[in-house]
Amino acid sequence: MKKIKKMLEPQLLYYDMAERVTAFSSKRHGGVSEGSFASFNINAYCGDNPEHIAQNRQALCKLLHIKPDRLIMPHQVHGTGVTQISKTFFLLNEDIRHSVTEGIDALITNVPGVCIGVSTADCIPIILYDPQHHAAGVVHSGWRGTVADIVEAAVASMVRSYHSRPDGLLAVIGPGISRRNFEVGDEVYEAFSEAGYPMDAIAERKEKWHIDLPKCCQLQLETAGILSANIHMTDICTYDQSDDYFSARKLGTSSGRIFTGIVLR
């Protein structure tokens, strides 16, 4: 007889952004995935068992009190693509929905009852919230997206779509790899330097260069017009805390992913 695994409740790190908002990052615990995917993973692009992914997604939707088709996660490519999830998105068939979110690294929405989110495992997840217009955004900012300034693209999309004022936005920089553990080659250092980052503030030389990705994201947010007082840094290093958060550098790329999302109520 096939053994049925007991489903636990997904463990989430919640962010107190506003009363009518549920914002969070998932931890590794409370799911049914196994091995390097253990135990809570909902990312379908990293090699996990599809049945486990489906069960974990169902458990998350139950916890968030949303319908399963209201959990939206793009297939990320370390680019700067931003997609708006509007009410008409849910009138599309499944194949078109998939194509709309293919190759996208940031989502924005103002639709209540929808969870938009991004996947990370050392890259930096960012949540944006506009309390005036009750709109939100999520951003996957790996080093390539950071160099290409994906935050600016996401903020600009919210300004165009919802008339958001950057100085009125709230932001959370979620769990990601710290400078101490983000060792890079000279070509990555040069990419940040050519992008105009203050290298004395974001990088240090040990045996190789180390870059502070969370700090880079903070600088991006401030450059985009978000007030420093409105930026919350979690200061959680995924590499150091890989027992609780997935880290591709620690666990390998064939491992689970953190899901960072926001639901408007």
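I will try to describe carefully the structure that is included in this document.

Criteria and thresholds
- Residue positions are counted from 1 within each chain, in the order its sequence is given.
- The predicted origin of the model limits local features to residues at a pLDDT of at least 70 and limits the giving and counting of side-chain atom pairs to 80 or more, whereas totals for whole chains, interfaces and linings rest on all residues.
- Side-chain metrics rest on all non-hydrogen atoms present in the structure, leaving aside hydrogens and water.
- Comment: elements are numbered from the N terminus, with helices defined as DSSP H or I runs of at least four residues and strands as E runs of at least two.
- Think of it in three bands: residues with accessible area under 20% of the maximum for their type are buried, residues over 50% are exposed, and the middle band is partly exposed, with areas taken using a 1.4 Å probe on protein chains only.
- Whether two residues are in contact is decided by their heavy atoms, any of which lying within 4.5 Å being enough.
- Reported accessibility uses the Shrake-Rupley method at a 1.4 Å probe radius. Residues are deemed covered only where the shown protein chains occlude them.
- When charges are tallied, Lys and Arg are placed among the positive residues and Asp and Glu among the negative ones, while His and the ends of the chain are skipped.
- By convention, the charge on Lys lies at NZ, on Arg at CZ, on Asp at CG and on Glu at CD.
- Strand pairing follows a simple DSSP-based rule, namely that at least 2 bridges must link the two strands.
- In this analysis, axes come from line fits to C-alpha atoms, helices being fitted only over the stretch in contact, and the angle between any two N-to-C directions falls in the range 0 to 180 degrees.

Considerations on the overall build of the chain
Within the chain, the regular secondary structure consists of eight helices and 14 strands. Considered along the principal axes of its C-alpha atoms, the chain spans approximately 60 × 45 × 35 Å. Relative to its 265 residues, the chain shows a buried fraction of 53%. When contacts within the chain are restricted to residue pairs at least 6 apart in sequence, those whose partners lie at least 24 apart make up 69%. Total accessible area on the chain stands at roughly 12200 Å², and carbon and sulfur atoms take up 49% of it. Distance between charge centroids for the chain: 8 Å, based on 26 positive and 30 negative side chains.

Observations concerning the sheet that holds strand S10 (residues 183-184)
One open sheet accounts for three strands, arranged S10-S12-S11; its pairing is antiparallel. With partners counted over all chains shown, the strands left at the sheet margins are S10 and strand S11 (203-205), one partner each. Judged from the three bridges that link them, S11 and strand S12 (residues 209-211) form a sheet pairing that is antiparallel. Residue glutamate 204 lies in a different strand from S12, and its bridge partner there is histidine 210. Across the sheet, helix H5 (residues 186-194) touches S10, S11 and S12, and the angle it forms with S12 is around 45°.

Digging into the sheet that holds strand S14 (residues 258-264)
One open sheet accounts for five strands, arranged S1-S2-S14-S6-S3; its pairing is mixed. Since the sheet does not close on itself, it has two edges, and those belong to strand S1 (12-15) and strand S3 (71-72), each with one partner. As judged from the four bridges shared by S1 and strand S2 (residues 21-26), these two strands associate in the antiparallel manner. Bridging from a neighbouring strand, leucine 12 pairs with serine 26 of S2.

So yeah, pure geometry; function would need other evidence.
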